[in-house]
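What the coordinates show
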Amino acid sequence: MRKNWKFLESDMQENEMKEFDIRKDGHKEIMVTDCLGERYIGCGMKDGILHIKGTPGNALASYLDGGTVYVDGNAQDAAADTMNAGLLAIKGSAGDALAYGMRGGRVYVLGDAGYRAGVHMKAYEDKKSILVIGGRAGSFLGEYLAGGIIIVLGLGCEGKSITGYFCGNGMYAGTIYLRTDKVPLNLSDKLIRRNVSNEEKDSILSPIISDYASVFSISAEDCLKGSFIAIEADRSKSYSQLYAAV
Amino acid sequence: MKKEGEVRISSGCAISGIFCRDGRRITGEAIKKSIAVMHNRSNGLGGGFAAYGIYPQYKDYFALHIFYESQAAREETERFLDKRFDIINLSKIPVRQTPRISDAPLIWRYFITPLPHLLQDSQLDEDEYTSRATIRINDSITGAYVVSCGKDMGVFKAVGYPEDVADFYRIEEYEGYSWTAHGRYPTNTPGWWAGSHPFSLLDLTVVHNGEISSYDANRRAVEMYGYSCNLLTDTEVITYILDYLTRKQGLSLKECSEVIAAPFWTTISIKDEEEKKRLSYLRKMFSSFLITGPFSILVGFRGGMMALNDRLKLRSLVAAEKGNTVYFSSEEAAIRVIEENPDRIWAPRGGEAVIVTLDKEAGR
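Description of the structure in this document. (Residues numbered from 1 in each chain as written. Chains lettered and ligands numbered in written order. Predicted model: local features only at pLDDT ≥ 70, side-chain atom pairs only at ≥ 80, totals over all residues. Heavy atoms only, no water.)

Before going further, it helps to spend a moment on the overall build of chain A. On a plain count of helices and strands, chain A comes out with 2 helices and 11 strands. Helices (α) and strands (β) of chain A occur, in sequence order from the N terminus, as β-β-β-β-β-β-β-β-β-β-α-α-β. Taking as baseline every contact in chain A between residues at least 6 positions apart, the subset at least 24 positions apart corresponds to 42%. With the model as given, the accessible surface of chain A reaches about 10900 Å², and the carbon-plus-sulfur share is 50%. (Helix = DSSP H or I, 4+ residues; strand = E, 2+ residues; numbered from the N terminus. Contact = heavy atoms within 4.5 Å. Areas by Shrake-Rupley, 256 points an atom, 1.4 Å probe, with all protein chains shown as cover.)

Below, the discussion takes up the overall build of chain B. When helices and strands are tallied, chain B shows 11 helices and 18 strands. For a compact globule of 364 residues, the expected C-alpha radius of gyration is about 21 Å, and chain B comes in at 20 Å, within 12% of that figure. When the backbone C-alpha atoms are referred to their principal axes, chain B occupies close to 55 × 55 × 45 Å. If you take every contact in chain B between residues at least 6 apart in sequence, the share linking residues at least 24 apart comes to 75%. Here chain B has roughly 14900 Å² of accessible surface; of this, 47% comes from carbon and sulfur atoms. Charge centroids of chain B, computed over 45 positive and 48 negative side chains, lie 2 Å from each other. (Rg over C-alpha atoms; globule rule 2.2 N^0.38 Å. Lys, Arg positive; Asp, Glu negative; His and termini not counted. Charge placed at Lys NZ, Arg CZ, Asp CG, Glu CD.)

All names here are of chain A. Along the chain, the position of Ala75 falls in the loop between strand 3 (65–71) and strand 4 (85–90). Classification of Ala75 by relative accessible area gives buried; the value is 4%. As for Ala75 and Val132, which are separated by 57 residues in sequence, their C-alpha atoms are 15 Å apart. Aside from chain neighbours lying at most four places away, what touches Ala75 is Leu60, Ile90, Ser93, Ala94 and Gly95. (Buried < 20%, exposed > 50% of the residue type's maximum accessible area, 1.4 Å probe, protein only.)

With that settled, the discussion passes to the sheet that holds strand 18 (residues 354–357) of chain B. Residue and element names in this part refer to chain B. Pairing in this open sheet of 5 strands is antiparallel, and the strands run 11-12-13-14-18 from one edge to the other. Here the strands that pair on one side only, and so sit at the sheet edges, are strand 11 (199–201) and strand 18. Strand-to-strand twist in this sheet, taken as the mean axis angle between neighbours without regard to direction, amounts to 15 degrees. The sheet contact formed by strand 12 (residues 204–210) and strand 13 (residues 295–301) spans 6 bridges and is antiparallel. By the bridge assignment, Asn209 is partnered in strand 13 with Ser296. (Pairing = 2+ DSSP bridges. Axes fitted to C-alpha atoms, helices over the stretch in contact; angles between N-to-C directions.)

Residue and element names in this part refer to chain B. Tallied over the full model, the rule gives 35 salt bridges over all chains. Its salt-bridge partner being Arg100, residue Asp164 comes within 2.8 Å of it at the nearest N-O pair. One end of the pair, Asp164, is in helix 5 (residues 162–169); the other, Arg100, is in the loop between strand 5 (85–92) and strand 6 (106–114), and 64 residues separate them in sequence. (Salt bridge = Lys/Arg side-chain N within 4 Å of Asp/Glu carboxyl O.)

The next thing to look at is the packing of helix 2 (residues 71–84) of chain B against helix 4 (residues 126–140) of chain B. Residue and element names in this part refer to chain B. As a packed pair, helix 2 and helix 4 sit with axes 11 Å apart at the nearest point and diverge in direction by 160 degrees. Considered as vectors, helix 2 and helix 4 are oriented roughly antiparallel to each other. As helix 2 runs across helix 4, the sense of the crossing is right-handed. Contact residues: Thr77, Phe80, Leu81 and Arg84 in helix 2; Tyr129, Ala133, Arg136 and Ile137 in helix 4. Across the contact of helix 2 with helix 4, the residue classes break down as 5 nonpolar, 1 polar and 2 charged. (Parallel < 35°, antiparallel > 145°, perpendicular 65-115°, else oblique. Left-handed = near helix turned anticlockwise from the far one by under 90°. Nonpolar A, V, L, I, M, F, W, Y, C, P; charged D, E, K, R; others polar.)

Here is the structure:
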């Protein structure tokens, strides 16, 4: 099943094929082409830049601890699982369980995310997990969210629902921002929904979105257009029940 | 040898399906290539394929694929069949010996049709007559297992990795308009030949990735209606539930999906009045057939295929289209390996059935 793995120098000479230990040899920029379901690519990587072409397998960039992983297609399930630092940028869509238990760093997806994106994401002191989804997200977005920021832009989905069922169920910290004026379907009454003010948009969303837009070379202005709603846990009810939304 | 805890087995069953809506028949090579990409999702304890449109010269006869553990079981089964059916043709299923597949049972194929006067006396239609006979073989003849019994279709399964099972059965020599495949990682029961997927009854086949928490409740319910679960695997019960709901209750496959992967009451409550009434009816009327626990399944049937996830989507499922061909798989990579640039690729939602049929057939 092993395909042509081409580890390339920073000048990206496509013809030269070598085999070496990428963790030891200190190569700064590597391209992996013709991916077809190979698991654990970039798992635990600490620095450098990894370009991926094709369809990488499950658990892409899991435990990512720094550096950058660019994916020029779609990612499968469990990408950025328990990621700690760095950037994962996916030009296509992501599968289910994206950024599960993420502890820090940034995950940017230009397309859609599957079910269970950002479940139990966290934040602690200077570590702040950030997940931005350009299209729409499946059900259970941000379930048990414990910290960090999830943004769903719904680009190209204007007028449609951009999340599935059970959005934010059981969350107790962190914020989910949705670029829509529609309340997610059957949103729990134990969650607070509020409209995002222009000040909040400028201070919190704008820096993140500008960074996101520059990674994919798209217009930040388009991504910020229109109104946003924010979903957060109702602090007056926290710990009254472990699973706030049942 | 590494001990438990020293080796990580990254697994979970794999399923894959290819359906040609224009009825174009393709060999088994593509489905083998697809399922082989997901080698790591299975552990060599089961693999199999279902193919439709492979016996055009015998399309009016029931094709029985049977495993025998002994010659005595074969003789008893043949006596049983001979009394009830006209046996048009019988032969061993040709196999290619490979060191990666061992302990094969005797594998036979029969093309049969019910004896007309017995069929008439029974006051049953030929599907019911034949399904009762096969359930009886599985239930009462020791060492005989009917693996498939539909028309113009067949199941090829074994203990082994699916790509090796494909070589063993020489599936590249068959041509079908619809193929499903399974790579198995058994969790609760041993890997054995008849327990591999697909499971089937008449022309209905099921491949399944997941684990049914409601197995015993479902089994008790379906055994009330003359079915018998003998194959020690939860997938068998899905097959019988779907057969019961479609063939005996006359439900459409979409309605079946709303029974086995019924939406939550909270989800039903936000539908419009008519839909609320319809979905509530299905949930209440067929409550024993609600399947809980994680699953993604591909259901093959005459002229069509259905892909379905559990309502929480606890297992992965990807669908794609290119021209007249539809693909389903546990992983996108398994589709890309046979179709690099699909027109459309998407992940169906939990509980949302995707049903494809031959262009010339009406929906079922």
